[in-house]
Amino acid sequence: MCGISGIAGSKNIGVPLLESIKHLEYRGYDSCGVAIMTPYHIEVRKNIGYVDEVNEREKLSEPQGEIGIAHTRWATHGGVTKENTHPHLSCNKDFAVVHNGIISNYMEIKKWLIGEGHKFHSETDTEVIVHLIEKYFPASKDVENAFVMAIKQLEGTYAIAMITTNEKDKIFCAKRESPLVIGLGDGANYIGSDFNAFIDYTKNAVVLDDDEYAVILRDRYFIKNTFSGDIVRKKITQINWDSDMAKKGGYPHYMLKEIYEQPQCVINAMQVDKGLIRKLSEMIMESNRVYLIGAGTTYYVSLFSEYNFSSIAGIFTPAISSDEFKNLGEVDKDSLVIAISQSGETYDTLNALKFAKSRGAKTSAIVNVMGSSIARFADHTIMQGSGPEICVISTKAALSQMIILLMVALEVGVINKKLTIKNKNEIERNISMLPELIQKILNEKSGFIHTIAYKFSHINNWLYLGRGKYYPIALESSLKMKEVAYIHAEGMPAGFLKHGTIALIDEKLYSIIFMPPKSNEELYNLSLGSAEEIKARKGFIIGFHFGEKGGVERLFNEEIILPKAQEVIAPFLELVVAQLFAYFTAVALKRNIDKPRSLAKSVTVA
Ligand code: F6R
């Protein structure tokens, strides 16, 4: 969960190198640093804090050089200290390394190297890599050879980049289970944990696979298999994101910008290649068991979609949190596992897919980042086309995933004869009204939601309650509140309340109820029943509802009234309101919106 980058150029690379880790900062932001090859030595500048803060103190772009590597860290091994910040140097300072991943056998290597006289300056697993390379270099005086010998000794996961005074014009890099891409520019080549590292300079990229390493010069590069040493030839990927898409565009935070991009994201999701939707639907129909997996938000996306597959397609597709998949998922060659992942790099989800594949199951993925590990690993992949999601908190990506899976549920519904084509077309027509309705909320309700959020920003405990599909919406909404505002919010099925949690309710406990439209009378009345239970115990309720009279005005202390909507799209509107509510609460509390404490965009550890 760190970002690594590097540039081999023909003029000073200080500024673009600094920019590259700014663009990767969402991957980890507790400390950062650069190593730049000056005419005399490798200059390392690093410290703890956000990139801008560290740059202010350390002047990261000041060293003059044409080759350099950089890192932005999310600590795993060793606390957040200057010593543990990357890059790490060898004893003789001739080698500098940055790393993303976890070296699981670092302790035994470290012990051995200490015995051999190496001095360590950090508690990180990474530092063993640079000492290993230093250890192997003198025998052959061949950097590539020493680099590969060191890499072969590592167990665990890594994306590594190294520079050395022994070959001043090259970056050596290697990958296993942590992402690494090469950018091919004009007069310079780049590396990065993802395309964002170099998107301002080139749209031509090459994606490294596991157990490959590359040597990068400013005008050429080659890739080899780490174990066979064979040259690997790869096709060049054209990146279809542009750098403006990854900028704030006048919004105070990426989170708000991304919430506001949702009308367009729905349109993009609806335009996903019909052939891919059809193929996935057929895979579902051919399988005996189908699982939806994801982590955090994408687990909630899975759970929401499980409801759609049951109600629309007549197929039970259990949602499992990917970190628990091995403990719960019963898979064989007749199973299908559908992974949902914005980044395409989440360790738990990738690992669950690998487990499924090892049992002969088929795999599919819905992913936002092109060339990511999950996108490439799955047998069948749908790129969701939401554009870069920079805020660590997922909003637009999640909504898009829900829409795509809804389209799949509709297709399966037709194949499974639960829906006629006419029904399907009608539902699709309803979905096509969603962008306009979301826009209406953004235009007309934002100010009001802002007021309500400020008014209640002192509340420390919330219950988020919903029934049916509104239950996963409540869960996802509560996660937004937790992660961006650091406020406790517990999502649960409204019907579950009476089985225990109701004991908590008094005038100090605040709840949000996600009401369905009245057209779903049974669910509507049951949800009102839950509100009655809270009211009877003097609990405070904010109701999200669609403006229908008959009970709600008496039960809710505050209400957020949404534009009238068909049942199939109503939950999405409530989700958008909840995203804004969490966002404005966090603004009121002066939280670090785009980079909340302890979180990272891409969780590549177990
Ligand atoms: C929540 C959030 C996380 C991610 C989760 C999975 O806002 O961002 O819960 O959803 O870590 O990440 P991806 O989708 O990249 O696999």
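Everything quoted here is computed from the prediction, not taken from an experiment.

Thresholds applied
- Residues numbered from 1 in each chain as written.
- Predicted model: local features only at pLDDT ≥ 70, side-chain atom pairs only at ≥ 80, totals over all residues.
- Heavy atoms only, no water.
- Pairing = 2+ DSSP bridges.
- Helix = DSSP H or I, 4+ residues; strand = E, 2+ residues; numbered from the N terminus.
- Axes fitted to C-alpha atoms, helices over the stretch in contact; angles between N-to-C directions.
- Core = buried A, V, L, I, M, F, W, Y, C linked by side-chain atoms within 4.5 Å.
- Buried < 20%, exposed > 50% of the residue type's maximum accessible area, 1.4 Å probe, protein only.
- Domains from an automatic or database assignment.
- Contact = heavy atoms within 4.5 Å.
- Phe/Tyr/Trp six-rings, centres within 6.5 Å; stacked < 30°, edge-to-face > 60°.
- Parallel < 35°, antiparallel > 145°, perpendicular 65-115°, else oblique.
- Left-handed = near helix turned anticlockwise from the far one by under 90°.
- Nonpolar A, V, L, I, M, F, W, Y, C, P; charged D, E, K, R; others polar.
- Salt bridge = Lys/Arg side-chain N within 4 Å of Asp/Glu carboxyl O.
- 1 Å grid on protein atoms, 1.4 Å probe; cavity = no way out; pocket = protein on both sides within 12 Å on 5 of 7 lines; lining within 4 Å.
- Points joined across faces, edges and corners; volume = space filled by probe spheres on them.
- Near = heavy atom within 4 Å.
- Polar contact = N/O pair within 3.5 Å; in protein donor to acceptor, adjacent residues only side chain to side chain.
- Areas by Shrake-Rupley, 256 points an atom, 1.4 Å probe, with all protein chains shown as cover.
- Sits in = over half its atoms within 2 Å of the grid points.
- Buried area = accessible area lost by both parts, 1.4 Å probe.

**Some thoughts on the sheet that holds strand β15 (residues 289–294)**
What the five strands build is an open sheet, ordered β16-β15-β17-β18-β19; its pairing is parallel. In this open sheet, the two edge strands, each paired with only one partner strand, are β16 (319–321) and β19 (380–383). Neighbour to neighbour, the strand axes of the sheet diverge by 20° on average, direction disregarded. Here β15 runs beside strand β17 (residues 335–341); their pairing, made up of five bridges, is parallel.

**Topic: the nonpolar core**
Soluble globular proteins: nonpolar side chains tend toward being buried together. The biggest cluster of nonpolar side chains holds 94 residues, and the ones touching the most others in it are Ile 284, Trp 462 and Phe 581. Lining this core are residues from two domains, each supplying at least three of them: domain 2 (252–432) and domain 3 (442–606). Not counting the four nearest positions on each side in its chain, Ile 284 is found in contact with Val 290, Phe 309, Ile 315, Leu 336, Ile 338, Val 408 and Val 412. Counting 29 residues, the second largest nonpolar core, distinct from the first, contains Phe 120, Phe 147, Ile 160 and Val 215.

**A look at the sheet that holds strand β21 (residues 488–493)**
With parallel pairing, the five strands of this open sheet are ordered in space as β21-β20-β22-β23-β24. Of all the strands in the sheet, the pair left with one neighbour each is β21 and β24 (558–561). Within this sheet the neighbouring strands show an average axis-to-axis angle of 20°, counted without direction. Summarising the sheet, strand β22 (residues 510–514) and strand β23 (residues 540–545) pair through five bridges and their orientation is parallel. Along β23, the bridge assignment pairs Ile 513 with Gly 543. In the packing of helix α18 (residues 521–536) onto the sheet, contacts are made with β20 (461–466), β22 and β23, and the angle to β22 comes to roughly 170°. Its contacts with the sheet place helix α20 (residues 570–588) against β20, β22, β23 and β24, and it is angled at close to 135° to β23.

**A closer look at the packing of aromatic side chains**
Inspection of the entire model under this criterion finds 22 aromatic pairs. Centre to centre, the rings of Tyr 190 and Tyr 201 are 5.6 Å apart; their planes meet at 15°, and the pair counts as stacked. With Tyr 190 in strand β10 (residues 189–192) and Tyr 201 in the loop between β10 and β11 (204–207), the pair connects residues that are eleven residues apart, well separated along the chain. Measuring from ring centre to ring centre gives 6.5 Å for Trp 462 and Tyr 464, while their planes differ by 85°; the resulting arrangement is edge-to-face. Each member of the pair, Trp 462 as well as Tyr 464, carries the same accessibility label: buried.

**Some thoughts on the packing of helix α3 (residues 106–115) against helix α4 (residues 127–140)**
The interhelical angle for the contact between α3 and α4, taken along N-to-C directions, is 45°, at an axis separation of 10 Å. Classified by the angle between their axes, α3 and α4 sit oblique to one another. Classified by chirality, the crossing of α4 by α3 is left-handed. Of α4, the residues touching α3 (which contributes Tyr 106, Ile 109, Lys 110, Trp 112 and Leu 113) are Val 128, His 131, Leu 132, Lys 135 and Tyr 136. Class assignment for the residues of the contact of α3 with α4 results in seven nonpolar, one polar and two charged.

**Re the pattern of salt bridges**
Counted under the stated rule, the structure contains 32 salt bridges. Here Glu 62 ties to Arg 45 by a salt bridge, and the two come within 2.9 Å at their closest N and O atoms. Residue Glu 62 is located in the loop between α2 (51–58) and β4 (67–73), and its partner Arg 45 is located in strand β3 (residues 42–48); the two are separated by 17 residues in the primary sequence. Under the relative-accessibility criterion, Glu 62 is labelled partly exposed at 45%.

**Points about the layout of surface pockets**
In this structure, the largest pocket encloses a volume near 530 Å³. In terms of lining, the largest pocket is formed by 27 residues, of which the most central are Ala 295, Gly 296, Thr 297, Lys 601 and Val 603. Every element with two or more residues in the lining of the largest pocket is listed here: α9 (297–313), β17 and α17 (470–485). By residue number, the principal contributor to the lining of the largest pocket is α17, which donates four residues. When residues of the lining of the largest pocket are sorted by domain, at least three fall in each of domain 2 (252–432) and domain 3 (442–606). Roughly 450 Å³ of volume is contained in the second largest pocket. In this structure, the second largest pocket is lined by 19 residues; those nearest its centre are Lys 22, Glu 25, Lys 248, Tyr 254 and Lys 595. Listed by contribution, the elements that provide at least two residues to the lining of the second largest pocket are α1 (14–23) and α2.

**Digging into the site of the ligand**
As a matter of local geometry, the ligand sits amid 13 residues, with Ser 341, Gln 342, Ser 343, Thr 346 and Glu 483 nearest to it. Between an oxygen atom of the ligand and a side-chain N or O atom of Glu 483, the distance comes to 2.5 Å. Relative to its unbound accessible surface of 400 Å², the ligand loses 90% to contact with the protein. Comparing atom positions with the cavity grids shows the ligand to sit within the largest pocket. Among the elements of the structure, α9 and α17 are those that each provide at least two residues to the shell around the ligand.

**Observations regarding empty space enclosed by the protein**
Rolled over the atoms, a probe as big as a water molecule pinpoints where empty space is left. This model, assessed by the stated rule, comprises four cavities of 30 Å³ or more. Empty space within the largest cavity amounts to approximately 210 Å³. Viewed by domain, the lining of the largest cavity spans two of them, domain 1 (3–247) and domain 2 (252–432), each represented by three or more residues. Counted as a void, the second largest cavity has a volume near 60 Å³. Forming the boundary of the second largest cavity are Cys 2, Arg 73, Trp 74, Ala 75, Thr 76, His 77, His 86, His 99, Gly 101, Thr 124, Asp 125 and Thr 126.

**Overview of the domain arrangement of the protein**
According to the domain assignment, the protein consists of domain 1 (3–247), domain 2 (252–432) and domain 3 (442–606). Contacts between domain 1 and domain 2 engage 19 residues on the former and 15 residues on the latter. Between domain 1 and domain 2, the buried area comes to about 1,500 Å², and carbon and sulfur atoms account for 63% of it. Connecting domain 1 to domain 2 are two residue pairs in polar contact (both at pLDDT 80 or more). Across the side of domain 1 that touches domain 2, the residue classes tally to ten nonpolar, four polar and five charged.

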